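# Survey of secondary and tertiary structure
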Amino acid sequence: MFLIVNIILILLFFRVLFSDKILKKLMEYRWGFLLRFQHVFFFFVFILITFFTENYFLDTPELIWSVLSVMIFNIGIYYLVYYYLVPHFYLSNKYPEFILYALICFLMSSLFRILLQPTIFKMNFSETLSNTNFLFNVYTAQGIVILVASFLGITKDKFLIEQNVVDLGEQKEQLYFDLLKSKMNPHFLLNTLNNIYANSFIPSGKTSDSILQLSKLLQYIIYDSGKERISLAQEFSSIHSLTMLYQLKYDNQLNIDFDIRNEETLELIEIPPSVFLTFFENALKHSGIGLDLNSFIKVVYAINDRDLFFEIINSVPEKKALGETGYYGLGNEAITQILEKYYPGKYTLSSEMIENNRYKTTLKIDLNG
C-alpha cells in the first residue's frame, strides 16, 4: 500500500511539474536544460524507489549492484520509448502500433528482470516477502518507466511542434513587414531620375539636391527600414527627403508645414521604422498636393510627459486624384499590427474627416515603461 501511494504521488507530481502550460513557459527560455533536468530527476526518483523496494530482498552489497543494473537496464528501455516509439508511432498517429510496442516493451523488460534478477543476485524470499511482492514491484517499476518516457516524449514533441508553428508565424510576419518596408515605387524612381537627367543640362542646384534627397531616401529604405527600431531623427529625415523631392519637382510651391516641437528628443526616442513615414505618405497620396492649388499638409510632433504626439492634417480634394508618392507604405492595417506588437495597450490611433474637407490622423504613444 505504501508503494502504491508513493507511485501515485510521484505521478501526480510529474503531471503538475511538467504540465503543458508550465512546460511551455519554461521551455521558451531554457527548454534544453529542462529536458535534461526531467530525465535526471526521474531517474533520481526511480533509483530511490528501486532501492527502498528491493532492500527487503537483498543485503547491502548485492542491493547496490542490483539497483545499478536495474538503472542501466531501464535507461535503455526509457530512451527506446522516448526517442523511438513516441516519434515513430505516436506522433505519426499510429496509436495502435504505439500501444502494442509499448506493451511488448513492458512485458519483455518485466520478464527479463523476473527471470534474471533473483538468480544473479540471489534474492531471499520469505513468507512475509514472497515472490509475489517482487513481481508486483517489477511490474510497477517497468510500467512507470514506460509511462513517464511516453508522457515526456509526447510533451516535448508537442511543444517543439507548437514552437515551430509560432516561429514560422513570426518569421512570416517579419518577412511581410520587411518586404513592404523595402519597396520603392519604380515608377517614382524612374520619374525622379528623369527629372534629374533633364535638370542636368541646365546649371542648377536642383540636380545635386535631387540626387542628395533621393540618396537619403534610398538609404533609409535599404538600411534603416530593416531595423527593429530607429531614432525619430532618422524617421523625420526620411520624411524630409521625400518632401524635398516633391518640392524640387514642383519648384518649392507645395504647402507642406512641419511643426516639430521638443526637437532635442528626436535623437533620444526610438520607434519602429516606417510608422510616421507611412502616415505622411498617405497624406501625400490623398491630399492632392501638387495637383490642387488649395492642397496642403501639416505635420505636428511633440512630447508631453513622456507621451509622444504625432498628427497629420491634410486637405482632401473634391475630385480625388491620387498622387505618386514614391514610397509604398505599410498600410494602416500593418501599422496597427506594428503598434500592437511594440506598444500593446499604450497607444491610441485615430483617423477621421474633420471640418472644411480636411483629414486628420493622430497617434499618441505612452513611452513610460
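Residues numbered from 1 in each chain as written. Predicted model: local features only at pLDDT ≥ 70, side-chain atom pairs only at ≥ 80, totals over all residues. Heavy atoms only, no water.

### Focus on the overall build of the chain
Scanning the chain for helices and strands turns up 10 helices and 7 strands. Counting every position in the chain, which comprises 369 residues, the buried fraction comes to 42%. Intrachain contacts of the chain at a sequence separation of at least 6 include 73% that bridge at least 24 residues. Per element, the accessible surface of the chain, about 21000 Å² overall, is 62% carbon and sulfur. (Helix = DSSP H or I, 4+ residues; strand = E, 2+ residues; numbered from the N terminus. Buried < 20%, exposed > 50% of the residue type's maximum accessible area, 1.4 Å probe, protein only. Contact = heavy atoms within 4.5 Å. Areas by Shrake-Rupley, 256 points an atom, 1.4 Å probe, with all protein chains shown as cover.)

### Some remarks on the nonpolar core
In this structure, L232, F236, F276, F280, I297 and L308 are the most contacted members of the largest nonpolar core, which totals 41 residues. When near neighbours in sequence (up to four residues on either side) are disregarded, F280 contacts I239, L242, T243, I256, F258, I297, V299 and I312. Of all hydrophobic cores here, the second largest spans 24 residues; its members include V81, F89, A141 and L152. (Core = buried A, V, L, I, M, F, W, Y, C linked by side-chain atoms within 4.5 Å.)

### Points about the pattern of salt bridges
Counted under the stated rule, the structure contains 3 salt bridges. For R261, the salt bridge is made with D259, and the minimal N-O distance between the two is 2.8 Å. Residue class for R261 comes out partly exposed when judged on its relative accessible area of 42%. Overall, the relative accessible area of 23% leaves D259 in the partly exposed class. When the shortest N-O distance is used, the salt bridge between K285 and E281 registers 3.8 Å. Here the residue K285 and the residue E281 both occupy positions in helix α9 (residues 275-287), the gap between them amounting to 4 residues, near one helical turn. (Salt bridge = Lys/Arg side-chain N within 4 Å of Asp/Glu carboxyl O.)

### Focus: the side chain of N74
Structurally, N74 is set in helix α3 (residues 60-90). With relative accessibility at 0%, the residue N74 sits in the buried group. Those residues in contact with N74 that lie beyond four places of it in its chain are F43, F46, R113, Q142 and V145.

### Let's talk about the sheet that holds strand β6 (residues 347-354)
Spatial strand order, β2-β4-β5-β7-β6: 5 strands in an open sheet with mixed pairing. Of all strands in the sheet, those bounded by a partner on one side alone are β2 (256-260) and β6. For this sheet, the mean angle separating the axes of adjacent strands, direction not counted, is 10 degrees. Pairing analysis gives 5 bridges linking β2 to strand β4 (residues 297-304), with the strands arranged parallel. Residue D259 lies in a different strand from β4, and its bridge partner there is V300. Here helix α8 (residues 232-249) sits on the sheet in contact with β2, β4 and β5 (307-315), set at roughly 160 degrees to β2. (Pairing = 2+ DSSP bridges. Axes fitted to C-alpha atoms, helices over the stretch in contact; angles between N-to-C directions.)

### With respect to the packing of α8 against α9
One way to put it is that α8 packs onto α9 with a least axis distance of 9 Å and a crossing angle of 20 degrees. Considered as vectors, α8 and α9 are oriented roughly parallel to each other. The handedness of the crossing between α8 and α9 comes out as right-handed. Within the contact between the two elements, α8 uses L232, E235, F236, S238, I239, L242, T243 and Y246 and α9 uses V275, F276, L277, F280 and L284. Along the lines of polarity and charge, the residues of the contact of α8 with α9 split into 10 nonpolar, 2 polar and 1 charged. (Parallel < 35°, antiparallel > 145°, perpendicular 65-115°, else oblique. Left-handed = near helix turned anticlockwise from the far one by under 90°. Nonpolar A, V, L, I, M, F, W, Y, C, P; charged D, E, K, R; others polar.)

### Describing the confidence of the model for the chain
Per-chain confidence: the chain averages 76 in pLDDT, with 70% of residues scoring 70 or above. Of the regions scoring below 50 in pLDDT, residues 1-24 engages in 33 contacts with residues more than four places distant in sequence or in other chains. (pLDDT = per-residue confidence, 0-100.)

### Considering the pairing of β6
Both β6 and strand β7 (residues 358-366) contribute to a ladder of 8 bridges, which runs antiparallel. Of the residues in β7, the one forming a bridge with L349 is L363. Between the antiparallel neighbours β6 and β7 lie 3 residues, among them N356 with a positive phi of about 60 degrees.

### Re the environment of M108
Summarising the element assignment, M108 is placed in helix α4 (residues 95-121). Here M108 falls in the exposed class, since its relative accessible area comes to 54%.

### Comments concerning α9
Its 13 residues give α9 an end-to-end C-alpha distance of 18 Å, which sits within 8% of 18 Å, the value for a rise of 1.5 Å per residue. Within α9, 11 of the 13 residues are buried, which leaves it mostly tucked inside the rest of the structure. For α9, the complete set of buried residues consists of V275, F276, L277, T278, F279, F280, E281, N282, A283, L284 and S287. In the stretch just after α9, G288 is the one whose phi turns positive, near 75 degrees. (Expected span 1.5 Å × (residues − 1).)

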